[in-house]
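In case you want the letters, here they are:
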Amino acid sequence: MKKIRILLLSLLSFFFLFGFSQNNNPVNPPDTADYPYWIEMMQDQDANFYQTVSAFNKYWKDRKITKGCGWKPFKRWEYMMQFRILPNGDRLPADHDWNEYFNYLEKHPESKSFTGNWINIGPFNIPLADKGYQGLGRINSIAFHPTDEDIIYIGAPSGGLWKTTDAGNTWISHTDDLPTLGV
């Protein structure tokens, strides 16, 4: 009787282990239209851009776009990535810009110069420095006109946006009428 129970328990265990096991290697994997492969492809640096977009389009062909469904994040990714691929759709390596920058510096060593003809024109004596006025004259941003070297823009954290058209001899504020001046 004990042998029959052990045999029955063994058969029952065998049935449960192998009868209900999942097939991890399906003969026919899901089609791109049925499974969102594009999610994995977006994150795979080796996945081809055009194949990823194709998988996305096949998946969304007859589906309704709803809030939170993943359609909009993909479209943002697609827009961003279209400028970061090779003509065949392969993605540029993550360190592409870094390498290009140092290649440029290697070929043009004079382009990164720490010398200049800047001079301090003040203010040298800041009134009421103990009242919180330190930092007057600080510049947060500077931009140079791409074709006219005399035009320069600067932005100050408490002083607004300023522009010069004579290479910095005179400056004009363009934000005095705004309610907030921080740039």
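Right above here is the structure, for reference.
Each chain carries its own residue numbering, running from 1 in the direction its sequence is written. Confidence filtering applies because this is a predicted model: local features only for residues at pLDDT of at least 70, side-chain atom pairs given and counted only at 80 or more, and all residues used for totals across whole chains, interfaces and linings. Water and hydrogen atoms were dropped before computing side-chain values, which therefore reflect all heavy atoms in the structure.

Draft legend 1. Quick look at the overall build of the protein chain. Along its length, the protein chain carries five helices and four strands. Start at the N end of the protein chain and walk to the C end: the helices and strands fall as α-α-α-α-α-β-β-β-β. Expressed as a percentage of the 183 residues in the protein chain, the buried residues total 17%. Look at the contacts in the protein chain between residues 6 or more apart in sequence, and 32% of them connect residues 24 or more apart. Accessible surface computed for the protein chain: about 15,500 Å², of which carbon and sulfur atoms make up 57%. Runs of H or I in DSSP of at least four residues are treated as helices and runs of E of at least two as strands, each being numbered from the N terminus. For every residue, the accessible area (1.4 Å probe, protein chains only) is compared with the maximum for its type, and the residue is labelled buried under 20%, exposed over 50%, or partly exposed between those bounds. Residue contacts are counted whenever heavy atoms from the two residues lie within 4.5 Å of one another. Under the convention used here, a 1.4 Å probe and the Shrake-Rupley method define accessible areas, while residue burial counts only the protein chains that appear.

Draft legend 2. Geometry of a nonpolar patch on the surface. On the surface, W118, I139, I142 and F144 cluster together into a nonpolar patch covering about 500 Å² of accessible area. One can find W118 in the loop between α5 (96–107) and β1 (141–144). Judged by its relative accessible area of 71%, W118 is exposed. Two joining distances apply to patches: 9 Å for like charges and 5 Å for nonpolar side chains (Val, Leu, Ile, Met, Phe, Trp, Tyr), and every residue must have over 30% relative accessible area and no salt bridge. One side-chain nitrogen of Lys or Arg within 4 Å of one carboxyl oxygen of Asp or Glu is enough to make a salt bridge.

Draft legend 3. The sheet that holds β1, seen in detail. A sheet is described by the order of its strands in space; here four strands give the open sequence β1-β2-β3-β4, paired in antiparallel fashion. With partners counted over all chains shown, the strands left at the sheet margins are β1 and β4 (172–173), one partner each. The pairing criterion is simple: DSSP has to find at least two bridges between the two strands. As paired strands, strand β2 (residues 152–156) and strand β3 (residues 160–164) are joined by five bridges and run antiparallel to one another. Looking at β3, one finds that A156 is bridged to G160.

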